[in-house]
Amino acid sequence: MSQPVSVAVIGVGLVGGAFLRQLALPALAPHFRLVYLSSSTRCIFNAAGTQLSALASATDAPSIDALLTRLTPLATTGKVVLVDNTSAQAVANAYPHFLKAGVSVVTPNKKAFSGELGLYKEIVQAQTEGKSRALGEATVGAGLPVVQTLKDIVATGDKVIRIEGVLSGTLSYIFNTFSPPSPSSSSDLPSFSQTVRVAREKGYTEPHPGDDLDGSDVARKLTILSRIVPELADVLPQGYASVDVQSLVPKGLEGCKTGDEFLEKLVAHDAEYAKLREEAAKEGMVLRYVGVIDVERRVVKASLEKYPATHPFATSLGGSDNILSFTTQRYSPRPLLVQGAGAGADVTAMGVMGDLLKLVG
Ligand SMILES: NC(=O)C1=CN([C@@H]2O[C@H](COP(=O)(O)OP(=O)(O)OC[C@H]3O[C@@H](n4cnc5c(N)ncnc54)[C@H](OP(=O)(O)O)[C@@H]3O)[C@@H](O)[C@H]2O)C=CC1
Ligand SMILES: N[C@@H](CC=O)C(=O)O
Ligand code: NA
């Protein structure tokens, strides 16, 4: 067997914890050496190997610069991968430095690939300069094969015409539950705030659920996909902030600092959402939050739409399912479809682990 790959893990929350459990599986563990672990407050480094139980008693404060200094010499003698399981912009901003030092990056964190075009281009450039790669399959559709599928479509000379679908596990769960195609009675249906609360408990939401409800998480995913399509490479200079997006956050709740405060205040707006649901139901429709990338029109947008209760977005989605439809020159008129759970710790960790496995060997 070749030398184990050194793995540095930042973020040991929901996804990070599930990732570490997969890394410890007997079939996988021999290929890797865990050399670094960090939460937002503490970290531990040991080039000979460490484990999660050691982090609780660690006393060092995390520092990206110190980590870069420690990983750089390891990358001159073997493979080193940084696994960023945070949603921190500060960690994302450092990817180019790690990549230039020969350290590959694997992440479910959307920030680096969906922000300012400058950072994205630096990341692309840094990979071509060294032996390192940056992979983010879990940034769109969690463990579903979305990012690699689109890269393969492009790399094999096909032309993308349109990508559309339900790209948020949280918003999928919320509307599949809140606005089902055939409710037994409207009095059995849950309130909007209660549905959001359960989505958070199930581990589908971003650390702050407002980032799902304001559409920015979907906008980030649309940006990540758009940048893979050559015709749209520069269409979103400010990244997700350039996407035409409909926010579902009620006025007055935009500034909530914590997820808890957000959920408490959301209750006061339940009647507004119930009205939207009723109006749709009267027309035989359901509510679904969808994203669209129209390549020819150079349109990238995300919005809450009404669909007939018989439409596949109404009947075939359950739980946190994402569905993505790729219409291309080859896959036309019948599109290539990818569907399945699009959020949750275990399926997201699978996307991260799958990327890490691409770097072994
Ligand atoms: N949940 C899901 O279904 C999916 C999540 N993702 C992405 O996965 C990532 C992680 O999500 P999730 O696990 O749910 O989030 P959590 O909030 O559960 O975990 C985040 C972890 O990151 C740590 N952290 C935060 N900021 C820093 C920092 N600056 N330096 C070091 N560590 C930091 C936190 O430390 P501490 O414990 O000290 O707060 C915590 O360990 C996010 O980018 C999210 O968008 C992607 C696809 C699906
Ligand atoms: N909060 C996100 C998690 C995955 O990216 C979602 O709900 O889709
Ligand atoms: Na994916």
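Naming follows an unreviewed UniProt entry, where the chain appears as Homoserine dehydrogenase of Exidia glandulosa HHB12029. Comment text from UniProt for the chain, heading Cofactor (unreviewed entry), reads "a metal cation". Note on the chain: under the UniProt heading Catalytic activity (unreviewed entry), the record states "L-homoserine + NADP(+) = L-aspartate 4-semialdehyde + NADPH + H(+)".

Caption draft 1: Geometry of the coordination of the sodium ion (ligand 3). Taken together, Glu-137 (O), Glu-137 (OE), Val-140 (O), Ala-142 (O) and Leu-144 (O) make up the protein donors of the sodium ion (ligand 3), found 2.3 to 2.5 Å from the metal. Each donor residue of the sodium ion (ligand 3) lies on one chain, and together they are spaced E-x2-V-x1-A-x1-L. As far as burial versus exposure is concerned, Glu-137 and Leu-144 are alike and both buried.

Caption draft 2: Inspection of the environment of Val-124 at higher detail. Here Val-124 is to be found in helix 7 (residues 117–129). Residue Val-124 is classed as partly exposed on the basis of its relative accessible area, which comes to 38%. Taking the C-alpha atoms as reference points, Val-124 and Pro-96, separated by 28 residues in sequence, lie 8.5 Å from one another.

Caption draft 3: Looking closely at the sheet that holds strand 10 (residues 299–308). Across the sheet, which stays open at both edges, the 6 strands sit in the order 8-10-9-7-11-12 with mixed pairing between neighbours. Unpaired on one side and paired on the other, strand 8 (244–245) and strand 12 (336–341) mark the two borders of the sheet. The pairing of strand 7 (residues 160–166) with strand 9 (residues 285–294) spans 4 bridges and is classified as antiparallel. When the sheet's bridge partners are listed, Gly-165 is paired in strand 9 with Gly-291. Contacts from helix 12 (residues 216–228) reach strand 7, strand 8, strand 9, strand 10 and strand 11 (321–328) within the one sheet, and its direction differs from that of strand 9 by about 35°.

Caption draft 4: Highlighting the sheet that holds strand 5 (residues 104–106). Spatially, 6 strands are ordered 3-2-1-4-5-6 in an open sheet, and the strand pairing comes out mixed. Pairing within the sheet leaves two strands with one partner each, and these edge strands are strand 3 (43–45) and strand 6 (134–135). Against the sheet, helix 3 (residues 64–77) touches strand 1 (5–10), strand 2 (32–38), strand 3 and strand 4 (80–84), its axis set at about 170° to strand 1.

Caption draft 5: Inspection of the site of ligand 1 at higher detail. The immediate surroundings of ligand 1 are formed by 23 residues, with Val-15, Ser-40, Thr-86, Glu-206 and Gly-344 found nearest. At 3.2 Å from an oxygen atom of ligand 1 is found a main-chain nitrogen or oxygen belonging to Gly-13. A distance of 2.6 Å separates an oxygen atom of ligand 1 from a polar side-chain atom of Glu-206. In isolation ligand 1 offers 910 Å² of accessible surface; the protein chains occlude 77% of this area.

Caption draft 6: Representation of the domain arrangement of the chain. In terms of domains, the chain is made up of domain 1 (5–142 + 346–358) and domain 2 (146–341). A straight line from the C-alpha centre of domain 1 to that of domain 2 covers 28 Å. Contacts between domain 1 and domain 2 engage 18 residues on the former and 23 residues on the latter. For the pair domain 1 and domain 2, the interface holds 2 salt bridges. We note a salt bridge from Lys-110 to Asp-217, for which the minimum N-O separation is 2.7 Å. Secondary structure elements with two or more residues in the side of domain 1 that touches domain 2: helix 6 (111–114), helix 7 and helix 16 (345–358). Counting residues per element, the side of domain 1 that touches domain 2 draws most heavily on helix 6, at 3 residues. Taken together, the residues of the side of domain 1 that touches domain 2 break down into 7 nonpolar, 6 polar and 5 charged.

Caption draft 7: Broad picture of helix 3. For helix 3, which comprises 14 residues, the first-to-last C-alpha distance of 21 Å matches the rise-based estimate of 20 Å (1.5 Å per residue) to within 8%. Of all bends in helix 3, the biggest is about 25°, found at Leu-71, and the proline Pro-73 comes one to four residues later. Within the sequence span of helix 3, burial applies to Leu-67, Leu-71 and Ala-75. Residues of helix 3 that are buried sit in contact with strand 1, strand 2, strand 3, strand 4 and helix 5 (95–100). For helix 3, the N-terminal capping position is held by Ser-63, with its side-chain oxygen 3.4 Å away from the main-chain nitrogen of Asp-65.

About the cut-offs
- Residues numbered from 1 in each chain as written.
- Chains lettered and ligands numbered in written order.
- Predicted model: local features only at pLDDT ≥ 70, side-chain atom pairs only at ≥ 80, totals over all residues.
- Heavy atoms only, no water.
- UniProt positions renumbered as here; feature names shortened; annotations may be inferred.
- Donors = N, O, S within 2.8 Å, 3.2 Å for Na, K, Ca; no water.
- Buried < 20%, exposed > 50% of the residue type's maximum accessible area, 1.4 Å probe, protein only.
- Helix = DSSP H or I, 4+ residues; strand = E, 2+ residues; numbered from the N terminus.
- Pairing = 2+ DSSP bridges.
- Contact = heavy atoms within 4.5 Å.
- Axes fitted to C-alpha atoms, helices over the stretch in contact; angles between N-to-C directions.
- Near = heavy atom within 4 Å.
- Polar contact = N/O pair within 3.5 Å; in protein donor to acceptor, adjacent residues only side chain to side chain.
- Areas by Shrake-Rupley, 256 points an atom, 1.4 Å probe, with all protein chains shown as cover.
- Domains from an automatic or database assignment.
- Salt bridge = Lys/Arg side-chain N within 4 Å of Asp/Glu carboxyl O.
- Nonpolar A, V, L, I, M, F, W, Y, C, P; charged D, E, K, R; others polar.
- Expected span 1.5 Å × (residues − 1).
- Bend = angle between axes of the 7 residues up to and from the residue.

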